[in-house]
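Residue-level structure breakdown
Spelled out from the first residue to the last, the chains are:
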Amino acid sequence: MKIVLFWNYYQRYLDQLYKSNVDLSQLCYEDQLDFILKDYFGWPPALVKRVGEQDGYEVKILIVNARQLQQAWARENNYQFEESNWEYDIPLQQVKQFGPDIIWIGSMFNYFGEYLDILRAHSRKIFAWIAYPPPPSLNLDVVDCVLTSHSNFQEYFMEQDQSCEVLLPTFEPRIANNFQDIDRDVKCSFIGSLSYGHLQRMEVLKQLVNQTPIEIWSSLPKLLSQGLFQPKFIQSYLTMGSVRARLKPSVWGLEMYRILSRSQMTINVHLDAAAGLAGNIRMFESTGMGALLITEDAPNIDKLYKSGEEVITYTSINDLIDKIAYYIDKPQERESIALAGQARTLKDHSTVQRSQELIEIFSRYLNK
């Protein structure tokens, strides 16, 4: 089975990576790709690499918006592309050359529509990753299956007569090899995005900065964005002064995992659209790195972790504040729960297990 992962990375991450590694763009395509993948930005590439390590599976990972990387491929393959259209021309040629059975495309809706129709002509099946509410006008006619992280999103797609499977995010165990004997000098951390889709998260952080020693790695979005049309977002944004003063620069890849490895505990608040259900990537990253995860109580939490034994859950901001204070003062109890959470992640939520789930889904749809 030949699989293409058709993905894009945060542009801010790519810009920072190439700026911090000035010689990276001079490397050949494969060396650039290897360097980027070893920084472990995002979980799908690590998951697909696990699939490719098994007999009978060949994978290609396309980071379609990495200009230096993609144009290195074009040079080495003597491919003449349209400069103004490189983000579309080059990956299409890569797909044609590879001839996949499956293309798994991320939530880059600018690649859907007519372009996805063209890609479909060069692959037996198309899978799409969509883990938040899609644009109402999105046409998924050529998508054989949507993969998503939450059952409420699955229900939404199935109501639209769109095949959909739940595939939870996952942790790559090999990441921990980069961090040995790291002091856990961060009492409480938060790492994540702040946007118009994270209003609850923003409200929680406002309370925590005033009453806990939380350290925050994030950045506020520009007001002139989609949030401009969200009155609740504007109201929340304009009262973020205390959080803004506490912000440290956003971190991704291995630098993000370094912060988690330094964290005694870390706070998780899901995307608003998750509608109270648990299952975002931060849960698996945090526990995988051995930090105590404190996350919202959710009706499905015990399907993932044992609350109170492997992770800690909270039911309100006051409850969260109390639990942060409690576990700061109870290091042995905190470490015991964190280790149990890490063991659960390595047992049930790592790329080793999740790759088998993905293979089963891919195989089932290829045989339809």
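Everything discussed here concerns the structure shown above.
As the structure is a prediction and not an experimental result, all values here were calculated from the model. (Residues numbered from 1 in each chain as written. Predicted model: local features only at pLDDT ≥ 70, side-chain atom pairs only at ≥ 80, totals over all residues. Heavy atoms only, no water.)

1. Considerations on the nonpolar core
Under the convention used in this document: What is meant by a nonpolar core is a set of buried Ala, Val, Leu, Ile, Met, Phe, Trp, Tyr and Cys residues, joined one to another through side-chain atoms within 4.5 Å. Exposure classes here rest on a 1.4 Å probe applied to the protein chains alone. A residue is buried below 20% of its type maximum, exposed above 50%, and partly exposed in between. Helix and strand definitions follow DSSP, with helices as H or I runs of at least four residues and strands as E runs of at least two, each counted in order from the N terminus.
F6, W104 and L147 are the most contacted members of the largest nonpolar core, which has 68 residues in total. For this core, the leading source of residues is helix α15 (residues 351-366), giving six residues.

2. What to know about the sheet that holds strand β6 (residues 164-166)
Quick note on the threshold: Strands were regarded as paired on the criterion that DSSP finds at least two bridges between them. Axis definition: a line fitted to C-alpha atoms, limited for helices to the stretch in contact. Angles are taken between N-to-C directions and run from 0 to 180 degrees. When checking whether two residues touch, look at their non-hydrogen atoms; a contact exists if any pair is within 4.5 Å.
Read across the open sheet, the six strands follow the order β2-β1-β3-β4-β5-β6; overall the sheet is parallel. Lying at the two open borders of the sheet, with one neighbouring strand each, are β2 (58-63) and β6. Taking the axes of each pair of neighbouring strands and ignoring which way they run, one obtains an average angle of 20 degrees across the sheet. Where strand β3 (residues 102-105) and strand β4 (residues 125-129) come together, four bridges link them in parallel fashion. Note on β4: the bridge partner recorded for W104 is F127. Of the strands in this sheet, β1 (2-7), β2 and β3 touch helix α3 (residues 44-52), which is tilted by about 160 degrees from β2.

3. As for α3
Given 3.6 residues per helical turn, the α-helix brings residues three or four places apart onto the same face. For α3, a buried count of seven out of nine residues is recorded, marking the element as mostly surrounded by other parts of the structure. Residues of α3 that are buried make contact with β1, α2 (29-37), β2, β3 and α15.

4. Concerning the pattern of salt bridges
Test applied: In the sections that follow, a salt bridge refers to a side-chain nitrogen of Lys or Arg positioned within 4 Å of a carboxyl oxygen of Asp or Glu.
Under the defined criterion, the tally for this structure stands at 21 salt bridges. Note that E285 is salt-bridged to R282, the shortest N-O span being 2.1 Å. Within this pair, E285 and its partner R282 are both found in helix α12 (residues 281-288), separated by three residues, close to a single helical turn. Accessibility expressed as a relative area gives 13% for R282, which makes it buried. As a salt-bridge pair, D348 and R344 come within 2.7 Å of each other at their nearest N and O atoms. With D348 and R344 both in helix α14 (residues 331-348) and four residues apart, this pair spans about one turn of that helix. Classification of D348 by relative accessible area gives partly exposed; the value is 24%.

5. Here we look at unusual backbone geometry
Of note in this structure, D161 is not a glycine but carries a positive phi near 60 degrees. Located in the positive-phi region is D181, a residue other than glycine, with phi close to 55 degrees. The exposed category is assigned to D181, whose relative accessible area is 79%.

6. Observations regarding the packing of aromatic side chains
The line we're drawing: Pairing of aromatic rings covers Phe, Tyr and the six-membered ring of Trp, with a centre-to-centre limit of 6.5 Å; geometry is then stacked below 30 degrees between planes, edge-to-face above 60, and tilted otherwise. The rule for a charge over a ring is simple: NZ of Lys or CZ of Arg within 6 Å of the ring centre, and within 35 degrees of the ring normal.
All chains considered together, the criterion is met by 25 aromatic pairs. Ring pairing ties together the aromatic residues W7, W43, W104, F127, W129, F362 and Y365, which thus form one cluster. Over the aromatic face of F284 sits the side chain of R354, whose NZ or CZ is 5.7 Å from the ring centroid. A cation sits over an aromatic face here: K368 above Y365, 3.9 Å from the ring centre.

7. So, the sheet that holds strand β9 (residues 247-248)
Across the sheet, six strands lie side by side as β9-β8-β7-β10-β11-β12; this open sheet has parallel pairing. Each end of this open sheet is capped by a strand with a single partner; those strands are β9 and β12 (312-314). Sheet topology places strand β11 (residues 292-296) next to β12; three bridges connect them, and they run parallel. The residue of β12 that forms the bridge with I294 is I312.

8. Here we look at helix α13 (residues 317-328)
Stated precisely, the cut-off is as follows: What a helix is expected to span follows from its residue count: subtract one and scale by 1.5 Å.
Its 12 residues place the ends of α13 17 Å apart at the C-alpha level, agreeing with the 16 Å of an ideal helix rising 1.5 Å per residue. Inspection of α13 places D319, L320, I321, I324 and Y327 among the buried residues, and these make up the whole buried set.

9. Here's the deal with the side chain of R50
Structurally, R50 can be placed in helix α3. Not counting residues within four places of it along the chain, the set of residues in contact with R50 comprises E172, P173, R174, T351, V352 and S355.

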